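# Coordinates in review
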Amino acid sequence: MSDILSELSWRGLIQDQTDGLAEFLAKNKTTLYTGFDPTADSLHVGSLVPMIALARWQRFGHTPIAIAGGGTGMIGDPSGRSQERNLLTPDRLNYNLEKIKGQLAMLVDFEVKSNPAKIVNNADWLASVSMMDFLRNVGKHFTVNYMVSKDSVKSRLEREGEGISFTEFSYMLLQAYDFLVLHNEHNCQVQAGGSDQWGNITAGVELIRRVKGEKAHGLVYPLITKSDGSKFGKTAAGAIWLDPEKTSPYRFYQFWFRSEDNDVIDYLKFFTWLDEAAVAELAHATETAAHERAAQRRLAQEMTMMVHGQDGLSKAEQASEVLFGGDLDGLSGGDIADIFADVPSSELPLVDIEGEGKAVLDLLTMTSVCSSKGDARRAIQGGGIYLNNQRVTDNEQMATLADSVEGQFLVLRRGRKKYHLVKILR
């Protein structure tokens with residue numbers, strides 16, 4: 001692709017844009033910014049579209065700025081929210097900011113000489129501006145009618161019994177002021193974000209027009225949803241985080257690998273660096289051999305590599321193979337807990353496995369993997385019983401603490417897919 005808008009367009013990543021943006025970009029390399037919400041100590045997969053988009057802009061020669069919203073984070077953005085946010089303490093906010101700065105640095109390049117990315121904290125200017133100055137220099141440029149007409153405000157006002165506080169109502173003006181400051185200090189001409197930010201972004205465009213008499217631009221990406229209408233990035237276990245301490249590389253990999261056929265090609269466009277030809281090839285594979293899940297596997301590989309690196313991807317792929325009889329060597333207790341979180345489990349006191357250990361026959365009946373010792377003997381003789389994915393060949397075999405994974409787990413399997421996790425209680 002010869003320009004960023006063409007790249008974003010074929011990927012389906014343009015929801016809306018201000019008039020004249022294409023003409024402006026045809027003649028200029030620009031500086032643009034996107035803000036990120038510091039209300040948690042990690043970003044999640046829902047943040048990846050704007051994160052990766054900043055890197056896409058950078059690859060086309062533009063200069064990206066990421067705002068870690070230390071100032072606006074003290075207020076809370078009402079966009080896309082049905083209820084008031086809980087306000088964070090300054091210490092908690094600063095902790096969150098430090099955590100997410102490292103995640104932003106995974107994707108954009110801060111070292112390239114021609115157009116290095118920047119991370120800024122809007123608390124640097126918002127925390128010091130006085131109320132009088134803000135009302136005189138920003139507030140006077142917006143009518144309440146204008147602000148109420150924006151979807152982020154209007155939807156809250158229309159929600160019976162909810163409303164919106166003056167604190168969150170003012171958020172739009174703070175974000176508009178961010179754009180003005182970046183326009184003045186960094187010659188930032190474009191703001192980009194999710195489609196729920198359109199009202200805030202166009203408020204910034206309007207403020208720059210009124211204060212500076214200059215034209216600025218905005219562009220928004222679609223909010224990602226699943227084809228069944230459910231929310232993207234949420235599972236039964238909760239949000240899929242970028243922090244490996246909150247969502248392991250294995251669970252991260254599995255989130256992408258479990259994408260539905262109706263969603264996976266869009267996700268390849270939205271989230272990966274694969275070009276149009278590679279995506280088309282995977283789309284054809286999905287149409288002709290969906291059962292092989294080639295597109296899902298490639299998506300999981302690309303995304304896990306991007307966020308967790310080669311080591312994280314290798315560990316995730318090894319962990320994924322365990323459910324198909326793969327080797328457990330090198331996996332931690334945490335890995336085992338993740339992999340077998342959804343299989344039946346039993347608890348075994350440590351004292352029962354210390355020393356000579358516990359007979360595998362007893363484990364099989366205790367866990368109901370086999371209905372009786374006779375059933376267990378027949379299953380072992382038939383080659384269908386595995387301990388930690390190693391075939392049990394002796395009816396007298398003992399399971400010892402040395403067989404366990406980090407002294408925490410034993411994994412029983414009958415046949416190809418009937419797993420049972422034994423948790424060792426200390």
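Everything numeric in this text was worked out from a predicted model, so none of it was measured. (Residues numbered from 1 in each chain as written. Predicted model: local features only at pLDDT ≥ 70, side-chain atom pairs only at ≥ 80, totals over all residues. Heavy atoms only, no water.)

## Observations concerning the environment of Gly194
Along the chain, the position of Gly194 falls in strand β5 (residues 188-194). Residues in contact with Gly194, not counting those within four places in the same chain, are Val220, Tyr221 and Leu223. (Helix = DSSP H or I, 4+ residues; strand = E, 2+ residues; numbered from the N terminus. Contact = heavy atoms within 4.5 Å.)

## Observations concerning the packing of helix α14 (residues 276-288) against helix α15 (residues 294-322)
Contact geometry of α14 with α15 gives a least axis separation of 8 Å together with a crossing angle of 140 degrees. By the angle between their directions, the pair α14 and α15 is classed as oblique. In this structure, α14 uses Leu282, Ala285 and Thr286 to contact α15, whose residues at the interface are Ala294, Ala295 and Arg298. Class assignment for the residues of the contact of α14 with α15 results in four nonpolar, one polar and one charged. (Axes fitted to C-alpha atoms, helices over the stretch in contact; angles between N-to-C directions. Parallel < 35°, antiparallel > 145°, perpendicular 65-115°, else oblique. Nonpolar A, V, L, I, M, F, W, Y, C, P; charged D, E, K, R; others polar.)

## Some remarks on the packing of aromatic side chains
Applying the stated criterion across every chain, the model contains 15 aromatic pairs. On the numbers, 5.9 Å between centres and 90 degrees between planes, the contact of Phe134 with Tyr177 is edge-to-face. Within this pair, whereas Phe134 is found in helix α6 (residues 131-137), its partner Tyr177 is found in helix α10 (residues 171-186), the two being separated by 43 residues in sequence. Under the relative-accessibility criterion, Phe134 is labelled buried at 12%. A relative accessible area of 18% means that Tyr177 is categorised as buried. A ring pair is formed by Phe232 and Phe255, whose centres lie 5.5 Å apart and whose planes are at 65 degrees; its orientation type is edge-to-face. (Phe/Tyr/Trp six-rings, centres within 6.5 Å; stacked < 30°, edge-to-face > 60°. Buried < 20%, exposed > 50% of the residue type's maximum accessible area, 1.4 Å probe, protein only.)

## Focus: the side chain of Thr18
For Thr18, the position within the fold is in the loop between β1 (16-17) and α2 (21-27). We classify Thr18 as buried; its relative accessible area is 11%. Of note is the side chain of Thr18, whose polar atom sits 3.1 Å from the side chain of His217. Those residues in contact with Thr18, other than ones at most four positions away along the chain, are Trp198, Val205, Ala216, His217 and Gly218. (Polar contact = N/O pair within 3.5 Å; in protein donor to acceptor, adjacent residues only side chain to side chain.)

## Looking at the sheet that holds strand β4 (residues 118-121)
Reading across the sheet, the six strands line up as β1-β6-β5-β2-β3-β4 and stay open at both edges, with mixed pairing between neighbours. With partners counted over all chains shown, the strands left at the sheet margins are β1 and β4, one partner each. Pairing of strand β2 (residues 31-36) with strand β3 (residues 63-68), which is carried by six bridges, proceeds in the parallel orientation. What sits directly across from Thr34, in β3, is Ala66. Across the sheet, α10 lies against β2, β3, β4, β5 and β6 (217-221), angled at about 145 degrees from β5, the strand it touches most. Sitting on the sheet, helix α11 (residues 198-212) is in contact with β1, β5 and β6, with an inclination near 170 degrees to β6. (Pairing = 2+ DSSP bridges.)

No statement about biological role is implied by the geometric values presented.
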